[in-house]
Structure formats: structure tokens, C-alpha cells
Amino acid sequence: MRITVNVNGTEYSRVIEPRLLLIHFIRDDLGLTGSHWGCDTSNCGACIVWLDEQPVKSCTVLAPMADGRRILTVEGLARGGRLDPVQQGFARCHGLQCGFCTPGMMLTARWLLDHNPDPTEAQIREAISGQLCRCTGYENIVRSVRWAADHEAAVSADTAGQAGGTRARPR
Amino acid sequence: MSRPAASEPYGSVPRKEDPRFVRGKGTFVDDVTLPGMLHGAMLRSPVAHARIVSIDIAAAQAHPSVEAVITGEMLAGRGLAWMPTLSGDVQAVLATDKVRFQGQEVAFVVARDRYSARDALELISVEYEPLPAVVDASRALDAGAALIRDDLPGRADNRIFDWEAGDREATDDVFAAAQVVVGCDMLYPRSHPAPLETCGAVAEVDQLTGRLTIWCTTQAPHAHRTLYALVTGLPEHKIRVISPDVGGGFGNKVPIYPGYLCAIVGSIITGKPVKWMEDRSENLMSTSFARDYHMHGEIAATRDGKILGLRAKVLADHGAFNGAAQPTKFPAGFFHIFTGSYDLRAAHCEVTGVYTNKAPGGVAYSCSFRITEAVYLVERMVDLLARELGADPAELRMQNLLRPEQFPYTCPTGWVYDSGDYPRALRTALDIAGYAELRREQAAKRDRGEYMGIGISFFTEGVGAGPRKHMDILGLGMADGADLRVHPTGKAVLSVSCQTQGQGHETTFAQIVAAELGLSPDDVEVVHGDTDRTPFGLGTYGSRSTAVSGAAAAVVARKVRDRARLVAAAMMEVSPDDLEWAGGTWRVKGDPEHARGIGEIAMAAHSGLDLPEGVEGHLDAATVYNPPNLTFPFGAYICVTDVDPGTGVVSVRRFVAVDDCGVRINPMIVEGQIHGGLADGVGMALMQAITFDSDGNCLAGSFMDYLLPTAVECPSWELGTTVTPSPHHPIGAKGVGESATVGSPAAVVNSVLDALAPFGVRHADMPLTPASVWRAIQGRPLRADWPAD
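Residues numbered from 1 in each chain as written. Chains lettered and ligands numbered in written order. Predicted model: local features only at pLDDT ≥ 70, side-chain atom pairs only at ≥ 80, totals over all residues.

### Observations concerning the overall build of chain B
- The secondary structure content of chain B amounts to 18 helices and 34 strands.
- Against the globule reference of 28 Å for 789 residues, chain B gives a C-alpha radius of gyration of 27 Å, in line with a compact fold.
- Across its three principal directions, the C-alpha atoms of chain B cover 85 × 75 × 50 Å.
- Across the 789 residues that make up chain B, the buried fraction comes to 60%.
- Restricting to contacts in chain B with at least 6 residues of sequence separation, those with at least 24 account for 79%. (Helix = DSSP H or I, 4+ residues; strand = E, 2+ residues; numbered from the N terminus. Rg over C-alpha atoms; globule rule 2.2 N^0.38 Å. Buried ≥ 20, exposed ≤ 12 C-beta atoms within 10 Å, placed from the backbone. Contact = placed C-beta atoms within 7 Å.)

### Some words on the overall build of chain A
- A count of helices and strands for chain A gives five helices and five strands.
- Going from the N terminus to the C terminus, chain A shows its helices and strands as β-β-α-β-β-β-α-α-α-α.
- Judged by the C-alpha coordinates and their principal axes, chain A covers about 45 × 35 × 25 Å.
- Pairs at least 24 apart in sequence give 61% of the contacts found in chain A among residues at least 6 apart.

### What about the nonpolar core?
- Judged by nonpolar contacts, the single largest core of 313 residues is most densely connected at Val 109, Val 513 and Ala 553 of chain B.
- When neighbours within four sequence positions are excluded, Val 513 of chain B is seen to be in contact with Leu 484, Ala 492, Leu 494, Leu 519, Val 524, Ala 553 and Ala 557 of chain B. (Core = buried A, V, L, I, M, F, W, Y, C linked by C-beta atoms within 7 Å.)

### Description of the sheet that holds strand S16 (residues 293-301) of chain B
All names here are of chain B.
- Read across the open sheet, the five strands follow the order S9-S18-S17-S16-S10; overall the sheet is mixed. On the outer flanks of this sheet lie strand S9 (159-166) and strand S10 (180-188), each paired with one strand and no other. For this sheet, the mean inter-axis angle between neighbouring strands, taken without regard to orientation, is 10°.
- Summarising the sheet, S10 and S16 pair through nine bridges and their orientation is antiparallel. Within S16, the position partnered with Met 186 by the bridge is Met 295. (Pairing = 2+ DSSP bridges. Axes fitted to C-alpha atoms, helices over the stretch in contact; angles between N-to-C directions.)

### A closer look at the domain arrangement of chain A
All names here are of chain A.
- Per the domain assignment, the segments making up chain A are domain 1 (2-76) and domain 2 (85-157).
- Once you take the C-alpha centre of each, domain 1 and domain 2 turn out to be 21 Å apart.
- On the domain 2 side, the residues contacting the 14 residues of domain 1 number eleven residues.
- Here the residues of the side of domain 1 that touches domain 2 sort into nine nonpolar, five polar and no charged. (Domains from an automatic or database assignment. Nonpolar A, V, L, I, M, F, W, Y, C, P; charged D, E, K, R; others polar.)

### A closer look at the interface of chain B and chain A
- At the interface, 42 residues of chain B touch 44 residues of chain A.
- Looking at the side of chain B that touches chain A, the elements that each hand over two or more residues are helix H1 (18-22), helix H4 (114-121) and helix H16 (667-686) of chain B.
- When residues of the side of chain B that touches chain A are assigned to their parent elements, the largest contribution, six residues, is made by H16 of chain B.
- For the side of chain B that touches chain A, the class distribution of residues is 21 nonpolar, twelve polar and nine charged.

### Brief notes about the packing of helix H13 (residues 505-517) of chain B against helix H14 (residues 545-572) of chain B
All names here are of chain B.
- At a minimum axis distance of 9 Å, the contact between H13 and H14 shows a crossing angle of 35°. The handedness of the crossing between H13 and H14 comes out as right-handed. Residue-level inspection shows His 505, Thr 508, Phe 509, Ile 512, Val 513, Glu 516 and Leu 517 of H13 in contact with H14, the latter providing Ser 545, Thr 546, Gly 550, Ala 553, Ala 554, Ala 557, Arg 558, Val 560 and Arg 561.
- The class makeup of the residues in the contact of H13 with H14 is eight nonpolar, five polar and three charged. (Left-handed = near helix turned anticlockwise from the far one by under 90°.)

### A short note on unusual backbone geometry
- Cis geometry marks the peptide bond from Ala 465 of chain B to Gly 466 of chain B; its omega dihedral reads -25°.
- Position of Gly 466 of chain B relative to the elements: it lies in the loop between strand S22 (451-460) and strand S23 (472-473).
- Residue Met 766 of chain B is joined to Pro 767 of chain B through a cis peptide bond whose omega torsion reads -10°.
- Inspection of the secondary structure puts Pro 767 of chain B in the loop between helix H17 (739-755) and helix H18 (770-777).
- For Asn 8 of chain A, which is not glycine, the phi dihedral falls at a positive 55°.
- Checked against the element boundaries, Asn 8 of chain A lands in the loop between strand S1 (2-7) and strand S2 (10-15).
- Accessibility expressed as a C-beta count within 10 Å gives 21 for Asn 8 of chain A, which makes it buried.

### A few points about the domain arrangement of chain B
Residue and element names in this part refer to chain B.
- Each assigned domain of chain B is listed with its residue range as follows: domain 1 (18-25 + 479-625), domain 2 (32-131 + 197-247 + 253-286) and domain 3 (289-465 + 629-777).
- Taking only C-alpha atoms into account, the centre of domain 2 sits 37 Å from that of domain 3.
- Every contact between the two is made by 19 residues of domain 2 and, on the other side, 23 residues of domain 3.
- Among the elements that make up the side of domain 2 that touches domain 3, the one with the highest residue count is helix H8 (residues 280-286) (five residues).

### Looking at helix H15 (residues 598-605) of chain B
All names here are of chain B.
- H15 sits mainly inside the fold: six of its eight residues count as buried.
- When H15 is considered as a whole, its buried residues turn out to be Ile 598, Gly 599, Ile 601, Ala 602, Ala 604 and Ala 605.
- On its buried face, H15 sits against strand S25 (480-486), H13, H14, strand S30 (591-597) and strand S31 (619-625).

### Side note on the environment of Val 205 of chain B
- Mapped onto the fold, Val 205 of chain B is located in strand S11 (residues 200-205).
- Leaving out residues up to four positions away in the same chain, Val 205 of chain B has contacts with Leu 212, Ile 264, Ser 267 and Ile 268 of chain B.

### Section: the pairing of strand S3 (residues 48-51) of chain A
Residue and element names in this part refer to chain A.
- Pairing analysis gives four bridges linking S3 to strand S4 (residues 54-57), with the strands arranged antiparallel. What sits directly across from Trp 50, in S4, is Pro 55.
- As paired strands, S3 and strand S5 (residues 70-72) are joined by two bridges and run antiparallel to one another. Bridge assignment links Leu 51 to a residue of S5, and that residue is Ile 71.

### Re the environment of Thr 534 of chain B
- Structurally, Thr 534 of chain B can be placed in the loop between strand S27 (524-527) and H14.
- Put simply, Thr 534 of chain B and Leu 494 of chain B are 40 residues apart on the chain and 8.9 Å apart in space, counted from C-alpha to C-alpha.

### A few points about the packing of H16 of chain B against H17 of chain B
Residues and elements named next belong to chain B.
- Their axes nearest at 7 Å, the elements H16 and H17 cross at an angle of 40°. With respect to H17, the element H16 is oriented oblique. Regarding H16 and H17, the two cross each other, and that crossing is right-handed. Residue-level inspection shows Ile 674, Gly 677, Leu 678, Asp 680, Gly 681, Val 682, Met 684, Ala 685 and Leu 686 of H16 in contact with H17, the latter providing Ser 739, Ala 740, Thr 741, Ser 744, Pro 745, Val 748 and Val 749.
- Partitioned by chemical class, the residues of the contact of H16 with H17 number ten nonpolar, five polar and one charged. (Parallel < 35°, antiparallel > 145°, perpendicular 65-115°, else oblique.)

### Section: helix H1 (residues 22-29) of chain A
- Within H1 of chain A, six of the eight residues are buried, which leaves it mostly tucked inside the rest of the structure.
- Looking at H1 of chain A, one finds that the buried residues are Leu 22, Ile 23, His 24, Phe 25, Ile 26 and Arg 27 of chain A.
- Tucked into the core, H1 of chain A has its buried residues touching S3 of chain A together with H4 of chain B.

### A closer look at the sheet that holds strand S26 (residues 492-496) of chain B
Residues and elements named next belong to chain B.
- Taking strand neighbours across the sheet as the criterion, the four strands line up as S27-S26-S25-S31 in an open arrangement whose pairing is mixed. Taken across any chain shown, the strands that pair with only one partner, and hence form the sheet edges, are S27 and S31. Here the strands of the sheet are splayed against their neighbours by 15° on average, with no regard to which way each runs.
- Across five bridges, the pairing between S25 and S26 is antiparallel.

Here it is, written out as C-alpha cells:
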């Protein structure tokens, strides 16, 4: 079957097997390998991408379910060559070690900050509680998200037309 | 000790690795795609112990997308059905005679896409003749127990080894005369490191040159290359092992797994590159597990709390093949450091290793070669002694800790601890925790029927294997090479044998070289994880990278600096003896105006400058660092838990960790590693266990069943630091990567059992799940090695 999806603002049309998992479609068919596969059972969240405006675990979404919809992956987080505050926060606060869970963590963090620009530590922990990190003990991930929240205004003021409100992504 | 020449590049600088990772531009093994690449999938045994009657692959071969189906019989024809393990045993690549654990590799399919390879597995028909499974390690040596390793000539039972350390007679004497003796049975349950990236490989054998390139999830690329050479008969210069970005290792990616070899054979047979990536169940059920130590500990002391002796008797479940990756001379790893951090007279331990019908492994989870089990044993015993004596566990520890003036200290089982100030670390932790106030709070809460626990552990590790005279793996001495080239413009490339799975070597090792040469870390590129581009060395595990390869980096930089001195002398037309190293330059003593930095010296070294006799051009050096001893990091951990006796739910309210790993090159990275290890400790203490039913079926084959801690089970870690440099490491550093995993489980367990003291619960085994805690309160404790049915 043929599906057409908009990934990070680019339209892709491919003929696929109906049983193809979205994570394999993104990685193998589109060559966007920033999203990772980690567990098959929706426990680890390494495969998280946005389907329209919602983070989903793409190892448990069939690619045909994404037909006609928009996907945001880690490769689409930066805008105009400028890193998203979340990406900057992870690098500034040592929010990653091996880097495998990082794309999924950042996409959840982006969603959280879009809906709650000033989250408490407990709210950040709750937001990422469906995901696993084996390296960081979560401490610096929490700090990274908080850093992004604290610097969001400054960073987005630099980006024309992006100030305030829930941002529709991908643009 | 020698100090770093220039300390400024040390510090919490951002990692060089991060720009690629935050953009999703890392290159993990599964990200490698080669033209014409095929995909492999593994057929695994559904049962724990059975004879293989027949394997029918005809239907799979007929699948339109399948290019090859490989069985053990086919491998046997090439002499590849069995491979050596890192412990000197052999392991089946694909089973030929029997299957010996559930999940064992039976056949390998190579197809044109991932899904077809999986489909074809369903088309293979295997007839098994079931055999009784040995699941309970304590029954493995029974007279009637099924013989698991009938492939080994002359083998009559399931015993792998008997090993002991310490002085049995002296220890028995101490115990016989002691006023107080406390004993306890305890289980360190089978666990699994579960890195978020599973294991896998892409193998490409060039049909023309016969050269093998394998991208592989390995923590030890050079050791793997040697093993591939031994197994396949290919010469090492025809083998290139590339370990690209690796999504966590924790020991899981030290051994060689059958899938790697099958990918290689698949490429040989098909003439095309073959990718094999295991799924999560395969990772949990077949790759190297950890722990599974069934221990009995005893501690002897005077009535006023002076610890006199320790002894331990251990049954070690190694699974179906002895696949532990550890130094050859130490079949129980470094378990005999179990005297821990205390000044005592005598100790003795004996360990018996047995085969069972479970996945192979044993040393594979940030355990510093079994020091995790050792620390757990001694720290539980000290707490039990405190309970017996009615002593405060912090005071009892303070009373018995080694004193700073005792270092270097030779422990009763022979380890020579390099340096330490233990009381300072414990005092620091007690201060951060507000220990006295916590005890007051606990007493007040108990009066109200609320149960909080305060648990302490103090650990000493020996890491950085190791002196090659004593430590080798498969005969390969555990020394690490390093090459350093300074290019004409003063930019440097350091090549190291170890490999990073998140430890940040590209940053830390650049900082080491930069500090020695007066460069910016930005001007030092670190090359690793590719056997074609790096010198030989044993890899990254056992907290050995900074301890061994980091030392090599400092030593090779000092070699370059010494050569630079000769070149600088020629440049300034003075004697080398007239120069001093200051401010990152070689300068004329007493004349700071006359100085040359490494950049200028490097250009001159590559120029037409007339160099003194015996001084070669360019500015390069190589070294092999053979550590004189292990380094001995230590720390004091305090865990505060709240326990609900009605449900058995434990919540970790606070965790204080004071670590002393000597000089810290990048404190941010060190602290990050400690955070991660603490989460592991909470996971092992409260959640994680690989369990089996009585038929040997693995009950923890997915993340639905094998529970790992998330952000909501972990508190915000409270860290403290003391710095006691290693006297023998070139920059005074000690390994740290596993410290928190080693030290923290005992603190969590001690905390929970402290909370449960009013219920008369003396001991309960990990994982302290709600069910386990509740059952302990009812006086009917659970053990993870008791089959669920």
C-alpha cells in the first residue's frame, strides 16, 4: 500500500507493507535514524516521535496509521539551524550519556513545555515516566528540561513569530 | 604523587559527543546501512534443556526473500559450531547436540529484509526431546541432577570451579574465640544490565580480499578482534572491528555473542553484508546476565563492636556456559575484596561455580568484577551486627573503618588498597544527610506507626584491571596502548584502545592531553572504537578506562612534552636543562619572555629546523600503560526510605552519595555516572530480577516483566565529594563508572530493613518489591530464586 506522510515539514510518499511499524518506516524507509528502537513493548520510549501534536511510541504504531498525518522526529527539533531550547538544555546540563534515549526524551520534553511552560520537578518526572534511561539516573534530564523552561523565552525571542502559545509542529 | 601539569582544562566542560546526539546524528550499529545489505534473525530454543532430534529448514530456504539458513551442523562443517568464551569455557554458536537454556541460539536466517527474516524463522521445524532442567542452583550438584555439559570430556557433574581466598585457619580461630558471631543467608538475584540499545552487528566480508569489517556493539573491540581471529582463522590484519556509538553497555557488550558470528558467517555465505540486531526479549533472555550469587556470610566481633573476622560461602550460578568476562585467574572475579572498608584480622571466602539451564554470563552489570556482590555481603553483615549489638550502624562503621594512616593497606585477602580517607567520606555523608535529625524523625514516626528507614553502605572497590602480570583475559594482558600525534599547527589526535558507551571519553581524554600539553581540549581529537585506527588494549569495562587508558593518555602526552622540550631547546638555542614547563610552555628558567608553546614547537618539529642528534622529527609518541596496581575508589552512601507496611510499597525519599574517586577530570561527567549507578542500585534493590519457573522458562523476558526504575522511582540524588588522589595513577585519578552501582544496593536494602525493624524482620532478599516486603512483614519472605510455581 502507499502512504504519504509529512515528516519534519517534508512530504514523503512510499509503498509499504501494511504491517510495517512506524519506527521501521522512519528509520529504514526514510533513513531518519535519530529515532531509536529499544523494546517492542512501549516501555522504553526510545522510539517516541510526534504524530500530529502528540508524542507516540512509534514501535507500537503501524506506519499506515500515519498516512496523511504529520510527524516530528528529533531531526526536526532544530529550526533554521538553531537548536531547540530542549536540545540546548540537554547539552548544557549533561542530560545524556550514551545518547540512545535522548531523542525520545527531548520530544516528550518539548511537548511538556508546549503545554506547561513552567513545570515542577515532579511534573517533569511524571512526563518522562513512560520512558527509560539507563545512564543518567534521570537527574540531569530533569535539570535539562528545567533549563529549557528557564531559557525558553530568551531563545524563542530570537526566533521570529514563535513567541507564546502552543506551537504547531512541524511547520 | 604527581599532579597534573596544568589543571585548567580539567573541569565540567560540555561534552564533545553531545552536538551529534542532540541532533539525532549519532551512528549506532542499527544506523549502519550498506549497499545490498541483508538482515539476519535468530531462531532460539523454546525450552531450557532438550536434545535436538532434527532440524528441518527446507521451508525456510524456500521463502522467496531468504538467502541463507544456517544451522549448527553447517557451522560444524566449518569448525565454527563452538566458540571460546572469555572465561576459557566453550559456548555453542548454534546448537548441534542439545539446547541448554531457553533462548539458546539454534538457527540463523539471512533474508532481504528484517520482516522476512523473522517470517522465515516460523518456517523452521525443530524436534526437541525434553530433558530435565537444572534451575535451582542449590540442586545443581545433587547426585541425580541432569548433566548439562556432556559436551565437555570427562565431565561428571555440573561443577565449574571451587575457589577460595584468605586464610581459613586464621579465620576459624578468630570466629572460635569471638564474643559475637552473626550469620545470614542472602541472595544477590540474577539481574540484567539491559542497555537501551540491544546487541547487534553488521558484518561485511570482502569476497575479493577476504577482509572482514564488523560494526558491532562491543565494549572491547580489540579483544573481540583477537577472538574472531582465533575462531575464524582469519588473520587479525584482515579483521576490522568498528564499535561506533554504542547505546549503553554496562558490561552487557563485553562478551562475544553467537549472533555476531552468525552475521559474519552469513556474509561469507551470501557474499553480502549482513545485519543482525537482537530484540529486547533476546537481549534479556540470552545475553550476559549478572550476579546470581547465593551467599552465606558470617561476621565475628567483640561485644563492644570491634569487627574481627568475616567469612563467606558462595554458590555461583553461571548458567549453561561459563561466559563470565573477567580476568582469567579470578573465577569469582574480585569477590574476595569482601572484607570491604574495615580493619579486621582474618577473612576467608569460598566460591563454588555451577552450571544451570539458564543463560550464560555472570559478570556483566557494572559490577567491578563481582565487587558488587562483595560489598553487598559485607554491608549487610555489618548492619546485622549492629542490630545484634544494638549499635548505631553509622557509629559501628566509623569504629571499624580503616584509618587514613593505614594506607597503603593490605587487606586479609591480599589486595593492596592504594589510598583512602574513609572516616572523612562517611562524616561528609552523615553531614549532608543530617543523620542525627533523621534518627530523631524516625523515632517520632515509629511512635505514630509510620515506618521510615535509614540505610548506610560504605564501599571500597578495586578497579582499573589491571597489572598484566596478574590480570589477563584469554591470555591477553590487561594493558592499554595510546598513540598521540601533534600535527604541525598544534592540533592533536589521541588514539585509545578503549571505547565509549556514554562515558564521554572524547571529552575527558581530550582534557587529559590538553592539561599535559597546554592545549585547549577543543584542539585534541580522541579516536576510539575502531581497531584499524587505534592501538591494542582490552576495552571499556570494570571502570578501567580512566584508570588504564586515561593513564596511558597522560603518559603518552608527557612523552610528547619531553620530546617537545628538546625541540624547544633547539628553537631557542639553549640546553634542554635550561628549560622548565610552565604555563603550558617550555620556557627558559628565570626568563619568562623566552617560551615556546606546543603549537610553535609542533610546527618547528615538522620544519627544516636542525634538530639535536637522536631527536627525530615530528611530534608523536606511543605508549602502553601497564598499571602497577588497581585504583581503589570508595564512598559512603545513605538512603532514606518510607515503607507502607500495609502494601509493602517502598519509596526512596532521599539518597546521599559521597564518592571519592581521586582527581576528577570532568566532575560533570563523574557525577552523571554516579547518578546512573544510583538508579541501578535502586532498581536492583527494589525491582529488577531475572526469574525462572521450575522448567527453566525465563519469566523476565521483556520490559513488561523485567522492571527498570523510571524517573518517578528515583529521588533527586544528593552528591558529595572528597578527593584522595591515587598515588600511582599518573594524574591521581581512580575509576568511578561502577562505584554507585556497586555501593548503592546495600544502602537501599539496609534502609528498608531498618524501616522494618519494628516488625522483627531481620533480612529479606532483593528485589524488595511490594509483595516481598509485605511477605517479609508477615514472616514469610520471598526469594527470587524460588521458582514462581
